[in-house]
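# Fold and geometry: a report
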Amino acid sequence: MSKHFYLTTPIFYVNGAPHIGHAYTMIAADVLARWKRLDGYEVFFLTGTDEHGQKVEKAAADAGKAPQLFTDEVSAVFADIARQMNISNDAFIRTTEDRHKRASKALWEKLQAGGHIYLGGYEGWYSVRDESFYDEAELIVNANGEKIATTGAPVEYVTEPSYFFRMSAFGQKLIDYIEANPDFIGPKERRNEVLGFLKSPEGLKDLSISRTSFRWGVPVPGDDAHVMYVWIDALTNYLTAIGYPDTDGPLWKFWPADLHLVGKDILRFHAVIWPALLMAAELPLPKRVFAHGWWTIEGEKMSKSIGNVIDPRELAETFGVDPLRFFLLRETTFGSDGDYSRASLIRRMNVELANDLGNLAQRTLSFIAKNAGAVMPSRGAETPEDQALASLRDALIKHVGDAISRQAFHEALESVWVTIRAGNAYIDQQAPWTLRKTDMVRMEAVLANLLDLLRVVASVLQPFMPDSMSKMLDQLGVAANARQLADLATPIATGTPLPAPAGVFPRFVEPEA
Ligand code: MSP
């Protein structure tokens, strides 16, 4: 049986330009998708855009454009960002596509047929910015005496006819499910938060799932006066992309999804509303939902009003895509918040990429080019130091794989850097430049050990920095069609010619003002 893996990012609202937070979700998911492919899985990696709802309708009106034209333009910008960040998504979904409207209607009808939907009226608070309904008790009062959501978003009081989803019927079922499946929600602290919410005395309420005060949405089947609440159609995207409602199509084998990767702000939609909808529709639940943290910028919340919104395209242009990808996953624990600063990005680039990894590769490879015939040197009898290095190297593949499968990208990178530092200590201690004068056989063995180490390091780093590691593997004499994890079992043959080495990670020097 083939191993397969279905992984999603949230679909992005097209009300504004992409920023570093959007790129972050895509990059993290991309690392996981690439890792699974390296490990021999058939992967379906989905990203896309969330184009309905009042927020997007308003953004289009503010831009003086018809909503469809506006969303076409902004969605194309998100698709470009994915390319620019070297995201290897297999599909890009747009919620304004006909296939998606069809899937959303089919899911609605399935819920309706099961008796899970009724017509009522919603009277209460709504935030357009968050596209979320709020209870009175969830609101706070700001300095101007206005009621706002705890996210800082303005709210308005709305009274309108609305269809409801009988979500209250699923409270206990969700608690039981989450308790029986400890890995369903990650990280652990977030799982406890969701359980706390579900177990709160008020319990789970029914959910308003249609709106009548605007038109930009998927029409409710059989009642054109309503459009679906944007989150209902948005969540359905994960089914649309693999062919729903045609559950006999070629992609349906990917359901249930293995992982929905989301930001912490939208965990409840994915860990409460989505599984309740799926239970009602009698569909299997995703295997895991993981929430990552948020980035602040030099200690401040990123916001248009502060004017500190970071465009990932500018960073990629200045520093390169791979250093940016590396920084975002290295700087902070995945699952916790992180702080971006230009200085810390430059520090990581110069210390960890240029010095630690770049130099280890560069000094090993240029020494071989000059002193060992520019080929893979001969291996020799192993000393205890060689064995210590080899066991670190062999354990690395498993460490990185385990960490990535728990979405602990920071742990994966830390274990790689521990190994790289050990490689630098080894070369200093073994001093091949001295052996060159005393013991050429041992010199070759030392160099071969270093190349074997570098090959594993570059291989496991491929998902994080695809272009740079592809260059490094070229220089290590590893054929382009032999870069899967399984290929690591076959050593590079002694005598394999090595191309002329060239540095992969230049130091970043601030341009003179
Ligand atoms: N459209 C919804 C998701 C629907 S999924 C069925 C949405 N879109 S969004 O564009 O507002 O956010 C997309 C993702 O970007 C979310 O995972 C969110 O957490 C993430 N981020 C937005 N700002 C962020 C930071 N400052 N830092 C990290 N991630 C951030 O929500």
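To be clear, the structure that these remarks concern was listed above.
Residues numbered from 1 in each chain as written. Predicted model: local features only at pLDDT ≥ 70, side-chain atom pairs only at ≥ 80, totals over all residues. Heavy atoms only, no water.

## Quick notes on the overall build of the protein chain
Each helix and strand counted, the protein chain has 16 helices and 19 strands in total. Relative to the 2.2 N^0.38 estimate, which gives 24 Å for 513 residues, the radius of gyration of the protein chain is 26 Å and therefore close to what a compact globule would have. Here the C-alpha coordinates of the protein chain stretch approximately 90 × 60 × 45 Å along the principal axes. Per-residue burial over the protein chain gives 56% buried out of 513 residues. Contacts in the protein chain between residues far apart in sequence, at least 24 positions, make up 76% of those at least 6 positions apart. With the model as given, the accessible surface of the protein chain reaches about 21,200 Å², and the carbon-plus-sulfur share is 53%. (Helix = DSSP H or I, 4+ residues; strand = E, 2+ residues; numbered from the N terminus. Rg over C-alpha atoms; globule rule 2.2 N^0.38 Å. Buried < 20%, exposed > 50% of the residue type's maximum accessible area, 1.4 Å probe, protein only. Contact = heavy atoms within 4.5 Å. Areas by Shrake-Rupley, 256 points an atom, 1.4 Å probe, with all protein chains shown as cover.)

## Observations regarding the site of the ligand
Around the ligand sit 24 residues in total, of which Ile11, Asp50, Gly263, Asp265 and Trp295 are the nearest. Gly263 is positioned such that a nitrogen or oxygen atom in its backbone is 2.9 Å from an oxygen atom of the ligand. Trp294 is positioned such that a nitrogen or oxygen atom in its side chain is 3.2 Å from an oxygen atom of the ligand. Within the complex, the protein chains bury 94% of what would otherwise be the 670 Å² of accessible surface of the ligand. Sorting elements by how many residues they give to the shell around the ligand places helix H7 (residues 230-240) first, with five residues. In terms of residue class, the shell around the ligand is made up of 13 nonpolar, nine polar and two charged. (Near = heavy atom within 4 Å. Polar contact = N/O pair within 3.5 Å; in protein donor to acceptor, adjacent residues only side chain to side chain. Nonpolar A, V, L, I, M, F, W, Y, C, P; charged D, E, K, R; others polar.)

## A closer look at the sheet that holds strand E11 (residues 207-208)
Strand order in the open sheet made by the four strands is E6-E5-E9-E11, with antiparallel pairing throughout. At either margin of the open sheet sits one strand with a lone partner, and together these are strand E6 (132-134) and E11. (Pairing = 2+ DSSP bridges.)

## Focus on the nonpolar core
It is characteristic of soluble globular proteins that their nonpolar side chains tend to be buried jointly. In terms of nonpolar packing, the biggest core is built from 102 residues, with Leu329, Leu357, Trp417, Leu461 and Phe464 touching the most fellow members. With 13 residues, the single largest contributor to this core is helix H15 (residues 440-461). (Core = buried A, V, L, I, M, F, W, Y, C linked by side-chain atoms within 4.5 Å.)

## A short note on the sheet that holds strand E17 (residues 295-297)
Read from one edge to the other, the open sheet built from three strands follows the order E18-E17-E19, with strand pairing classed as mixed. This sheet does not close on itself; its edge strands, each paired only once, are strand E18 (300-301) and strand E19 (338-340).

## Overview of the side chain of Thr49
Assignment of secondary structure puts Thr49 in strand E3 (residues 42-50). Side-chain polar atoms of Thr49 contact the side chain of Ser75, separated by 2.9 Å. Sequence-distant contacts of Thr49, defined by excluding residues within four places in its chain, comprise Ile11, Phe12, Val14, Ser75, Phe78, Phe92, Ile93, Arg94 and Thr95.

## Quick look at the packing of helix H12 (residues 384-405) against H15
Interhelical geometry of H12 versus H15 gives an angle of 10° and a closest axis separation of 10 Å. Comparing their axes, H15 and H12 come out roughly parallel. Side by side, H12 and H15 meet where Asp386, Leu389, Arg393, Leu396, Ile397 and Val400 of the first sit next to Arg442, Asn449, Asp452, Leu453, Val456, Val457 and Val460 of the second. (Axes fitted to C-alpha atoms, helices over the stretch in contact; angles between N-to-C directions. Parallel < 35°, antiparallel > 145°, perpendicular 65-115°, else oblique.)

## Observations concerning the packing of aromatic side chains
Going through the model one piece at a time under the given rule, you end up with 28 aromatic pairs. Taking 5.8 Å as the distance between ring centres and 85° as the angle between the ring planes, the aromatic pair formed by Trp108 and Tyr163 counts as edge-to-face. You can see Trp108 sitting in helix H4 (residues 98-113) and its partner Tyr163 sitting in strand E9 (residues 156-165), a full 55 residues away along the chain. The burial state of Trp108 is the same as that of Tyr163; both residues are buried. Residues Tyr177 and Phe184 carry aromatic rings whose centres are separated by 5.1 Å and whose planes lie at 90° to one another, so their mutual orientation is edge-to-face. When its relative accessible area of 1% is taken as the criterion, Phe184 is described as buried. In this structure an aromatic cluster arises from ring pairing among Tyr6, Phe44, Tyr238, Tyr244, Trp252, Phe254, Trp255 and Trp274. The side chain of Lys36 reaches across the aromatic face of Tyr41, ending 4.4 Å from its centre. Its end group placed over the ring of Tyr126, Arg211 keeps NZ or CZ at 4.1 Å from the ring centre. (Phe/Tyr/Trp six-rings, centres within 6.5 Å; stacked < 30°, edge-to-face > 60°. Lys NZ or Arg CZ within 6 Å of the ring centre and 35° of its normal.)

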